[in-house]
Amino acid sequence: EAGVAQSPRYKIIEKRQSVAFWCNPISGHATLYWYQQILGQGPKLLIQFQNNGVVDDSQLPKDRFSAERLKGVDSTLKIQPAKLEDSAVYLCASSDYELRFGELFFGEGSRLTVL
Amino acid sequence: AQSVAQPEDQVNVAEGNPLTVKCTYSVSGNPYLFWYVQYPNRGLQFLLKYITGDNLVKGSYGFEAEFNKSQTSFHLKKPSALVSDSALYFCARMNTGFQKLVFGTGTRLLVSP
């Protein structure tokens, strides 16, 4: 079974530039999550999708962050414009909530450095 | 708010010795609790979970955790540590209703040869 795929693995940009991250979840997983993991902290949920609908985006800074999952499969997270404090690893995860409650499958993450 | 706390930033243990990584949870609602592990430059991996039933749950790689309601704790344990267990360990809690997994700040485990 293929895991959660994320790209790019690493990205360096200057502040005020834009960046986009892509995630392809495990086939058949209806729930998709984007987490932000700042160095030294635990992952923080940015947005959660159930199929192509948003379940929770309460901690997504909507003035600069956006995410979509148009066909209920892969997803894109965008930051525009980026700030220094956005430097973090962006983790995508997916789950089959009904069968495996709370068991999230994570990708390897996309590390963003904002200069 | 439903949350978890990991009081130790780092735990050091010698190979072959038992290890414990601590986690406590806030008393609010039903505590659905989880442990995840993160190896360097990798995503998080699920280790084990407590939903209901036996207080001692067993997971991957020989790890187990004990749910203690009176102490509001869910400590991760392993009888004999391996050098390869060295990683970052996260305790997490599922907030029911929104299916939202909230993570603690993490504990770095270092197992010395």
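Further up the page is the structure itself.
Below you will find a few notes about this structure. What you see is a predicted model; the values in this text were computed from it and never measured.

The next thing to look at is the state of the cysteines. If you walk through the whole model with that rule in mind, you get 2 disulfides over all chains. In this model, C23 of chain A is linked to C92 of chain A through a disulfide, with the two sulfur atoms separated by 1.9 Å. Between C23 of chain A and C92 of chain A, the S-S dihedral sits near -70°, and the bridge is therefore left-handed. Pair noted here: C23 of chain A is in strand 3 (residues 19–24) and C92 of chain A is in strand 9 (residues 88–95), with a separation of 69 residues, a long-range link. Neither C23 of chain A nor C92 of chain A differs from the other in exposure class; each is buried. Covalent S-S linkage joins C23 of chain B and C91 of chain B, the inter-sulfur distance amounting to 2.0 Å.

With respect to the element layout, Q37 of chain A can be found in strand 4 (residues 31–37). Overall, Q37 of chain A belongs to the buried group, its relative accessible area being 9%. Side chain to side chain, Q37 of chain A and Q38 of chain B meet in a polar contact 3.0 Å long. Those residues in contact with Q37 of chain A that lie beyond four places of it in its chain are G42, P43, A88, V89 and L91 of chain A together with Q38, L44, L88 and F90 of chain B.

Moving on, we come to the sheet that holds strand 1 (residues 5–7) of chain A. As a general point, the strands of a sheet are linked pairwise by backbone hydrogen bonds and lie either parallel or antiparallel. All names here are of chain A. Sheet architecture is open: 4 strands sit in the order 1-3-8-7, paired in antiparallel fashion. Strands with a single pairing partner mark the edges of an open sheet, and in this sheet they are strand 1 and strand 7 (65–68). Geometrically, the sheet is characterised by an average inter-axis angle of 15° between neighbouring strands, direction not taken into account. In terms of strand pairing, strand 1 meets strand 3 through 3 bridges, oriented antiparallel. Its bridge partner being in strand 3, S7 is matched across the sheet by W22.

Time to look at the layout of surface pockets. The space that makes up the largest pocket amounts to roughly 570 Å³. Forming the boundary of the largest pocket are 29 residues, of which Q37, L39 and R111 of chain A together with Q38 and L88 of chain B lie nearest the centre. Where the lining of the largest pocket is concerned, the elements lending two or more residues are strand 9 and strand 11 (110–114) of chain A together with strand 10 (87–95) of chain B. For the lining of the largest pocket, the element with the highest residue contribution is strand 11 of chain A, accounting for 4 residues. Looking at the second largest pocket, its volume works out to about 300 Å³. In this structure, the second largest pocket is lined by 16 residues; those nearest its centre are L104, F105 and F106 of chain A together with L44 and Q45 of chain B. For the lining of the second largest pocket, the elements supplying multiple residues, two or more each, are strand 10 (105–106) of chain A together with strand 6 (44–50) of chain B. Counting residues per element, the lining of the second largest pocket draws most heavily on strand 6 of chain B, which supplies 3 residues. Here the lining of the second largest pocket is built from residues that sort into 7 nonpolar, 4 polar and 5 charged.

What follows is about the pattern of salt bridges. The tally for this structure, following the rule as stated, stands at 8 salt bridges over all chains. In this structure, the salt-bridge partner of E64 of chain B is K58 of chain B, at a minimum N-O distance of 2.9 Å. Looking at E64 of chain B, the relative accessible area reads 18%, which means it is buried. Shared partners join several salt bridges into a network, and the residues in it are R9 and E108 of chain A together with R42 of chain B.

Next up on the list: the environment of L91 of chain A. Examined against the element boundaries, L91 of chain A turns out to sit in strand 9. With sequence-adjacent residues up to four places away left out, L91 of chain A is seen in contact with Q6, Y33, W34, Y35, Q37, P43, F106, G107, E108 and G109 of chain A together with G43 and L44 of chain B.

What follows covers the interface of chain A and chain B. Tallying the contact residues gives 27 residues for chain A and 21 residues for chain B. Here chain A and chain B share an interface that buries about 1900 Å² over both sides, 53% of which is from carbon and sulfur atoms. In this structure, the connection of chain A to chain B is made through 2 salt bridges. For K49 of chain B, the salt bridge goes to E103 of chain A, with nearest N and O atoms at 3.0 Å. Our enumeration of links across chain A and chain B arrives at 5 residue pairs in polar contact (both at pLDDT 80 or more). Elements that contribute at least two residues to the side of chain A that touches chain B include exactly strand 4, strand 5 (44–50) and strand 6 (53–56) of chain A. Tallying contributions element by element places strand 4 of chain A first for the side of chain A that touches chain B, with 4 residues. The residue makeup of the side of chain A that touches chain B, split by class, is 10 nonpolar, 11 polar and 6 charged.

What counts and what doesn't
Residues numbered from 1 in each chain as written. Chains lettered and ligands numbered in written order. Predicted model: local features only at pLDDT ≥ 70, side-chain atom pairs only at ≥ 80, totals over all residues. Heavy atoms only, no water. Disulfide = S-S within 2.5 Å. Helix = DSSP H or I, 4+ residues; strand = E, 2+ residues; numbered from the N terminus. Buried < 20%, exposed > 50% of the residue type's maximum accessible area, 1.4 Å probe, protein only. Polar contact = N/O pair within 3.5 Å; in protein donor to acceptor, adjacent residues only side chain to side chain. Contact = heavy atoms within 4.5 Å. Pairing = 2+ DSSP bridges. Axes fitted to C-alpha atoms, helices over the stretch in contact; angles between N-to-C directions. 1 Å grid on protein atoms, 1.4 Å probe; cavity = no way out; pocket = protein on both sides within 12 Å on 5 of 7 lines; lining within 4 Å. Points joined across faces, edges and corners; volume = space filled by probe spheres on them. Nonpolar A, V, L, I, M, F, W, Y, C, P; charged D, E, K, R; others polar. Salt bridge = Lys/Arg side-chain N within 4 Å of Asp/Glu carboxyl O. Buried area = accessible area lost by both parts, 1.4 Å probe.

Bear in mind that shape data such as this cannot, by itself, settle questions of function.
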